[in-house]
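Observations on the three-dimensional arrangement
So the chains spell out like this:
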Amino acid sequence: MSGFVSRLGRAVPLALCLAVFTPAYALACACGCTVFDVGTSSLMPAGPGGTAFLEYDWLDQTRNYSGTSRAPSAGNEDKRINSNFFVAGAQYMFNEKWGVMAQFPFTSRRLETTEPGSYSVFNHSSLGDIRLMGVYSGFAPDMSTGVTFGVKLPTGDHKFAGFDADVQIGSGSTDVLLGLYHTGALSVDGRWNYYAQALWQHEIATQNGYTPGSELNGSVGASYELFRMGNVAISPMLQMIVSRRGHDSGPAGEADETGYTRALVAPGLQADFGTWKLYGDVELPVYQHVTGEQLIAPVAVKFIASFAF
(Lines give C-alpha, C1' and ligand atoms only; values in the text may rest on other atoms or scores of the structure.)
Protein backbone atom coordinates (compact mmCIF):
# COMPACT_ATOMS: atom_id res chain seq x y z
CA MET A 1 0.00 0.00 0.00
CA SER A 2 2.80 2.42 0.88
CA GLY A 3 4.44 1.71 -2.48
CA PHE A 4 1.25 2.55 -4.31
CA VAL A 5 0.83 5.81 -2.35
CA SER A 6 4.41 6.73 -3.17
CA ARG A 7 3.83 6.11 -6.89
CA LEU A 8 0.60 8.08 -6.75
CA GLY A 9 2.35 11.02 -5.15
CA ARG A 10 4.93 11.06 -7.91
CA ALA A 11 2.48 10.68 -10.77
CA VAL A 12 -0.30 13.07 -9.79
CA PRO A 13 1.65 16.31 -10.39
CA LEU A 14 2.45 15.06 -13.87
CA ALA A 15 -1.04 13.86 -14.61
CA LEU A 16 -2.46 17.37 -14.38
CA CYS A 17 0.06 19.02 -16.71
CA LEU A 18 -2.20 20.38 -19.46
CA ALA A 19 -1.21 21.39 -22.92
CA VAL A 20 -2.74 22.12 -24.86
CA PHE A 21 -2.74 21.89 -27.39
CA THR A 22 -5.00 20.73 -27.17
CA PRO A 23 -5.94 20.80 -29.67
CA ALA A 24 -6.48 19.65 -31.30
CA TYR A 25 -9.47 18.47 -29.22
CA ALA A 26 -11.57 17.79 -32.34
CA LEU A 27 -11.59 21.53 -32.91
CA ALA A 28 -11.50 21.60 -36.70
CA CYS A 29 -9.84 24.97 -36.25
CA ALA A 30 -6.95 24.85 -38.68
CA CYS A 31 -6.38 28.57 -38.24
CA GLY A 32 -4.43 28.10 -35.03
CA CYS A 33 -6.30 26.58 -32.10
CA THR A 34 -4.65 25.58 -28.86
CA VAL A 35 -3.50 22.05 -28.12
CA PHE A 36 -5.68 19.91 -25.84
CA ASP A 37 -4.49 16.51 -26.97
CA VAL A 38 -1.43 16.10 -24.78
CA GLY A 39 -0.86 16.56 -21.10
CA THR A 40 -4.45 16.06 -19.98
CA SER A 41 -5.13 14.54 -16.59
CA SER A 42 -6.94 11.53 -18.06
CA LEU A 43 -3.97 10.29 -20.08
CA MET A 44 -1.58 9.39 -17.27
CA PRO A 45 -3.21 7.05 -14.74
CA ALA A 46 -1.67 6.55 -11.31
CA GLY A 47 -3.61 3.50 -10.08
CA PRO A 48 -6.94 1.64 -10.17
CA GLY A 49 -10.02 3.80 -9.73
CA GLY A 50 -11.60 6.78 -11.40
CA THR A 51 -10.98 10.46 -12.07
CA ALA A 52 -13.53 13.01 -13.26
CA PHE A 53 -12.53 16.46 -14.48
CA LEU A 54 -13.85 19.75 -15.80
CA GLU A 55 -11.64 21.86 -18.04
CA TYR A 56 -11.90 25.40 -19.40
CA ASP A 57 -9.72 26.87 -22.15
CA TRP A 58 -9.75 30.36 -23.65
CA LEU A 59 -8.27 31.33 -27.00
CA ASP A 60 -8.43 34.66 -28.82
CA GLN A 61 -6.96 34.53 -32.34
CA THR A 62 -6.25 38.13 -33.35
CA ARG A 63 -2.85 38.15 -35.08
CA ASN A 64 -2.54 37.39 -38.78
CA TYR A 65 0.48 35.25 -39.67
CA SER A 66 2.03 34.02 -42.89
CA GLY A 67 4.91 31.59 -42.70
CA THR A 68 6.85 32.40 -39.52
CA SER A 69 6.02 36.10 -39.17
CA ARG A 70 3.12 38.49 -38.76
CA ALA A 71 1.39 39.69 -41.91
CA PRO A 72 -0.97 42.61 -42.66
CA SER A 73 -4.52 41.83 -41.59
CA ALA A 74 -5.78 42.93 -44.98
CA GLY A 75 -4.54 39.63 -46.41
CA ASN A 76 -6.97 37.58 -44.32
CA GLU A 77 -10.75 37.94 -44.50
CA ASP A 78 -11.06 36.52 -40.97
CA LYS A 79 -10.20 39.21 -38.40
CA ARG A 80 -10.81 37.51 -35.07
CA ILE A 81 -11.80 34.09 -33.72
CA ASN A 82 -12.60 34.02 -30.00
CA SER A 83 -13.24 30.58 -28.50
CA ASN A 84 -14.29 29.31 -25.09
CA PHE A 85 -13.81 25.55 -24.67
CA PHE A 86 -15.47 23.53 -21.92
CA VAL A 87 -14.63 19.85 -21.47
CA ALA A 88 -16.16 17.29 -19.12
CA GLY A 89 -14.27 14.02 -18.92
CA ALA A 90 -13.74 10.89 -16.91
CA GLN A 91 -11.29 8.02 -16.74
CA TYR A 92 -11.64 4.70 -14.96
CA MET A 93 -8.82 2.20 -14.51
CA PHE A 94 -10.20 -1.31 -13.88
CA ASN A 95 -6.79 -2.46 -12.68
CA GLU A 96 -3.13 -1.45 -13.08
CA LYS A 97 -3.14 -2.36 -16.78
CA TRP A 98 -6.47 -1.49 -18.42
CA GLY A 99 -8.79 1.48 -18.35
CA VAL A 100 -11.21 3.60 -20.39
CA MET A 101 -11.91 7.30 -20.72
CA ALA A 102 -14.36 9.67 -22.38
CA GLN A 103 -14.19 13.39 -23.13
CA PHE A 104 -17.21 15.59 -23.93
CA PRO A 105 -16.32 19.07 -25.23
CA PHE A 106 -18.60 22.07 -25.64
CA THR A 107 -17.43 25.17 -27.54
CA SER A 108 -18.67 28.74 -27.77
CA ARG A 109 -17.10 30.64 -30.68
CA ARG A 110 -17.26 34.16 -32.09
CA LEU A 111 -16.01 34.88 -35.62
CA GLU A 112 -15.41 38.38 -36.98
CA THR A 113 -14.89 38.33 -40.73
CA THR A 114 -15.22 40.30 -43.96
CA GLU A 115 -15.67 37.17 -46.08
CA PRO A 116 -19.31 37.83 -47.16
CA GLY A 117 -18.11 41.16 -48.59
CA SER A 118 -18.69 43.30 -45.53
CA TYR A 119 -17.85 43.13 -41.84
CA SER A 120 -19.89 40.39 -40.19
CA VAL A 121 -19.99 38.74 -36.76
CA PHE A 122 -21.10 35.15 -36.20
CA ASN A 123 -21.64 33.56 -32.79
CA HIS A 124 -22.22 29.86 -32.32
CA SER A 125 -22.17 27.37 -29.45
CA SER A 126 -22.36 23.61 -29.79
CA LEU A 127 -21.34 20.22 -28.47
CA GLY A 128 -17.96 19.29 -29.89
CA ASP A 129 -16.60 15.98 -31.14
CA ILE A 130 -16.72 13.33 -28.40
CA ARG A 131 -13.70 11.12 -27.76
CA LEU A 132 -13.81 7.55 -26.48
CA MET A 133 -10.50 5.90 -25.64
CA GLY A 134 -8.88 2.91 -24.03
CA VAL A 135 -5.76 2.95 -21.86
CA TYR A 136 -3.11 0.27 -21.42
CA SER A 137 -0.52 0.92 -18.69
CA GLY A 138 0.91 -2.54 -18.16
CA PHE A 139 4.40 -2.05 -19.58
CA ALA A 140 5.89 -1.33 -16.13
CA PRO A 141 4.78 -2.30 -12.60
CA ASP A 142 4.52 1.38 -11.57
CA MET A 143 2.25 2.25 -14.56
CA SER A 144 4.80 4.84 -15.68
CA THR A 145 4.53 3.93 -19.38
CA GLY A 146 1.37 3.43 -21.37
CA VAL A 147 -0.55 3.81 -24.60
CA THR A 148 -3.95 5.29 -25.41
CA PHE A 149 -6.14 4.39 -28.38
CA GLY A 150 -9.64 5.22 -29.53
CA VAL A 151 -11.86 7.28 -31.79
CA LYS A 152 -13.11 10.83 -32.21
CA LEU A 153 -16.77 10.86 -33.22
CA PRO A 154 -18.46 13.42 -35.53
CA THR A 155 -20.85 14.69 -32.86
CA GLY A 156 -19.94 18.39 -33.11
CA ASP A 157 -21.88 20.80 -35.31
CA HIS A 158 -20.02 21.14 -38.63
CA LYS A 159 -22.75 22.85 -40.69
CA PHE A 160 -23.11 26.30 -39.14
CA ALA A 161 -23.75 28.72 -41.99
CA GLY A 162 -21.45 31.47 -40.73
CA PHE A 163 -18.29 29.33 -40.40
CA ASP A 164 -15.93 27.90 -42.99
CA ALA A 165 -15.10 24.20 -42.67
CA ASP A 166 -11.87 24.80 -40.75
CA VAL A 167 -13.60 27.08 -38.21
CA GLN A 168 -16.56 24.81 -37.49
CA ILE A 169 -16.86 23.51 -33.93
CA GLY A 170 -16.98 19.92 -35.24
CA SER A 171 -14.95 18.50 -38.11
CA GLY A 172 -17.62 16.08 -39.40
CA SER A 173 -14.99 13.36 -39.49
CA THR A 174 -14.44 10.13 -37.61
CA ASP A 175 -10.79 9.91 -36.54
CA VAL A 176 -8.57 7.28 -35.01
CA LEU A 177 -6.44 8.31 -32.02
CA LEU A 178 -3.18 6.72 -30.91
CA GLY A 179 -0.97 8.00 -28.13
CA LEU A 180 1.79 7.09 -25.71
CA TYR A 181 3.13 8.53 -22.47
CA HIS A 182 5.90 8.07 -19.92
CA THR A 183 6.44 9.57 -16.46
CA GLY A 184 9.33 9.43 -14.03
CA ALA A 185 11.11 11.01 -11.05
CA LEU A 186 14.03 13.40 -11.46
CA SER A 187 15.07 13.35 -7.80
CA VAL A 188 15.34 10.69 -5.10
CA ASP A 189 12.88 12.48 -2.81
CA GLY A 190 10.24 12.51 -5.57
CA ARG A 191 9.78 16.29 -5.52
CA TRP A 192 11.10 16.72 -9.07
CA ASN A 193 9.22 14.79 -11.77
CA TYR A 194 8.93 14.71 -15.53
CA TYR A 195 6.66 13.37 -18.25
CA ALA A 196 6.60 12.96 -22.03
CA GLN A 197 3.57 12.35 -24.19
CA ALA A 198 2.44 12.23 -27.81
CA LEU A 199 -0.89 11.76 -29.59
CA TRP A 200 -1.57 11.15 -33.30
CA GLN A 201 -4.97 11.81 -34.89
CA HIS A 202 -6.00 10.73 -38.39
CA GLU A 203 -9.34 10.80 -40.17
CA ILE A 204 -10.88 7.54 -41.46
CA ALA A 205 -14.33 8.82 -42.57
CA THR A 206 -15.35 12.31 -43.69
CA GLN A 207 -18.44 14.26 -44.74
CA ASN A 208 -19.49 17.17 -46.97
CA GLY A 209 -16.30 17.22 -49.03
CA TYR A 210 -14.07 18.21 -46.13
CA THR A 211 -11.07 16.22 -44.89
CA PRO A 212 -9.24 17.78 -41.94
CA GLY A 213 -5.47 17.46 -41.84
CA SER A 214 -3.91 14.75 -39.72
CA GLU A 215 -2.33 15.96 -36.50
CA LEU A 216 0.58 14.98 -34.25
CA ASN A 217 1.03 16.63 -30.85
CA GLY A 218 3.80 16.03 -28.34
CA SER A 219 4.79 17.51 -25.00
CA VAL A 220 7.47 17.20 -22.35
CA GLY A 221 7.14 18.72 -18.91
CA ALA A 222 8.56 18.89 -15.40
CA SER A 223 7.09 19.68 -12.00
CA TYR A 224 8.49 20.54 -8.58
CA GLU A 225 6.69 20.12 -5.25
CA LEU A 226 7.43 23.54 -3.79
CA PHE A 227 5.24 23.37 -0.69
CA ARG A 228 3.41 20.70 1.32
CA MET A 229 1.39 20.88 4.51
CA GLY A 230 -0.70 17.86 5.41
CA ASN A 231 -2.54 16.73 2.28
CA VAL A 232 -2.12 20.12 0.57
CA ALA A 233 0.71 20.53 -1.95
CA ILE A 234 1.63 23.33 -4.36
CA SER A 235 3.66 22.46 -7.46
CA PRO A 236 4.82 24.83 -10.22
CA MET A 237 5.16 23.18 -13.63
CA LEU A 238 6.69 23.90 -17.00
CA GLN A 239 6.06 22.12 -20.29
CA MET A 240 7.03 22.44 -23.92
CA ILE A 241 4.42 21.51 -26.54
CA VAL A 242 5.06 20.81 -30.22
CA SER A 243 2.21 20.45 -32.72
CA ARG A 244 2.14 19.55 -36.40
CA ARG A 245 -1.09 19.64 -38.44
CA GLY A 246 -1.30 18.70 -42.10
CA HIS A 247 -3.22 20.51 -44.84
CA ASP A 248 -6.97 20.12 -45.14
CA SER A 249 -8.24 18.61 -48.39
CA GLY A 250 -11.41 17.95 -50.34
CA PRO A 251 -13.67 20.44 -52.17
CA ALA A 252 -14.49 22.26 -48.91
CA GLY A 253 -10.92 22.19 -47.63
CA GLU A 254 -8.41 24.97 -48.26
CA ALA A 255 -5.04 23.28 -48.61
CA ASP A 256 -3.22 26.56 -49.30
CA GLU A 257 -4.57 28.19 -46.12
CA THR A 258 -4.37 25.32 -43.61
CA GLY A 259 -1.68 23.36 -41.82
CA TYR A 260 0.94 24.51 -39.37
CA THR A 261 3.93 23.61 -37.20
CA ARG A 262 4.39 25.29 -33.84
CA ALA A 263 6.01 25.09 -30.43
CA LEU A 264 4.64 26.54 -27.19
CA VAL A 265 5.95 26.93 -23.67
CA ALA A 266 3.43 26.60 -20.83
CA PRO A 267 4.25 27.60 -17.23
CA GLY A 268 1.58 26.42 -14.81
CA LEU A 269 0.67 25.81 -11.20
CA GLN A 270 -1.12 22.92 -9.49
CA ALA A 271 -2.79 22.86 -6.08
CA ASP A 272 -3.29 19.34 -4.72
CA PHE A 273 -5.89 18.89 -1.97
CA GLY A 274 -5.91 15.09 -1.92
CA THR A 275 -8.88 13.88 -3.92
CA TRP A 276 -9.42 17.37 -5.39
CA LYS A 277 -6.81 19.03 -7.61
CA LEU A 278 -6.75 22.40 -9.36
CA TYR A 279 -4.48 23.37 -12.22
CA GLY A 280 -3.93 26.42 -14.43
CA ASP A 281 -1.42 27.46 -17.06
CA VAL A 282 -0.62 30.05 -19.69
CA GLU A 283 0.53 28.81 -23.10
CA LEU A 284 2.85 31.04 -25.11
CA PRO A 285 4.02 30.38 -28.69
CA VAL A 286 7.78 30.43 -29.19
CA TYR A 287 7.77 29.22 -32.82
CA GLN A 288 5.10 28.86 -35.47
CA HIS A 289 4.99 28.29 -39.18
CA VAL A 290 1.61 28.48 -40.91
CA THR A 291 0.61 27.80 -44.50
CA GLY A 292 -0.96 30.76 -46.27
CA GLU A 293 -2.46 33.36 -43.92
CA GLN A 294 -3.94 32.27 -40.60
CA LEU A 295 -5.05 33.89 -37.36
CA ILE A 296 -2.81 33.17 -34.37
CA ALA A 297 -3.50 33.63 -30.66
CA PRO A 298 -0.67 35.38 -28.75
CA VAL A 299 -1.61 33.46 -25.60
CA ALA A 300 -3.95 30.69 -24.43
CA VAL A 301 -5.25 30.11 -20.90
CA LYS A 302 -6.25 26.79 -19.31
CA PHE A 303 -7.91 25.77 -16.02
CA ILE A 304 -8.86 22.31 -14.76
CA ALA A 305 -10.45 20.82 -11.68
CA SER A 306 -10.36 17.07 -11.07
CA PHE A 307 -11.73 14.67 -8.49
CA ALA A 308 -10.41 11.17 -7.82
CA PHE A 309 -12.82 8.45 -6.71
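The notes below deal with the structure included here.

Cut-offs applied
- Residues numbered from 1 in each chain as written.
- Predicted model: local features only at pLDDT ≥ 70, side-chain atom pairs only at ≥ 80, totals over all residues.
- Heavy atoms only, no water.
- Phe/Tyr/Trp six-rings, centres within 6.5 Å; stacked < 30°, edge-to-face > 60°.
- Buried < 20%, exposed > 50% of the residue type's maximum accessible area, 1.4 Å probe, protein only.
- Core = buried A, V, L, I, M, F, W, Y, C linked by side-chain atoms within 4.5 Å.
- Helix = DSSP H or I, 4+ residues; strand = E, 2+ residues; numbered from the N terminus.
- Contact = heavy atoms within 4.5 Å.
- Salt bridge = Lys/Arg side-chain N within 4 Å of Asp/Glu carboxyl O.

Another aspect to go through is the packing of aromatic side chains. In this structure the tally under the stated criterion is eight aromatic pairs. Both rings, one in Tyr-92 and one in Phe-94, keep their centres 5.5 Å apart while their planes meet at 65 degrees; by these two values the pair is edge-to-face. Assessed through its relative accessible area of 54%, Phe-94 is described here as exposed. Pairing Phe-160 with Phe-163 gives two aromatic rings, centres 4.8 Å apart and planes at 70 degrees, and the pair type is edge-to-face. What makes Phe-163 buried here is its relative accessible area of 6%. Three or more aromatic residues link up through ring pairs in this structure, and these residues are Tyr-92, Phe-94 and Phe-309.

What follows is about the nonpolar core. Core analysis: the biggest nonpolar cluster contains eight residues, these being Met-93, Met-101, Met-133, Val-135, Met-143, Leu-177, Tyr-181 and Leu-199. Among the elements of the structure, strand 7 (131-136) and strand 9 (174-185) are those that each provide at least two residues to this core. Not counting residues within four places of it along the chain, the set of residues in contact with Met-143 comprises Pro-45, Ala-46, Gly-47, Met-93, Asn-95, Glu-96, Ser-137 and Tyr-181.

A positive phi is found at Met-143, a non-glycine position, where the angle reads about 60 degrees. Structurally, Met-143 is set in the loop between strand 7 and strand 8 (145-152). You can call Met-143 buried: its relative accessible area is 2%. Of note, the phi angle at Asn-208 is positive, near 55 degrees, even though the residue is not glycine. You can see Asn-208 is positioned in the loop between strand 10 (192-205) and strand 11 (215-224).

A few words on the pattern of salt bridges. By the definition in use, this model includes eleven salt bridges. Here the residues in one salt-bridge network are Glu-55, Asp-57, Glu-283 and Lys-302, joined through shared partners.

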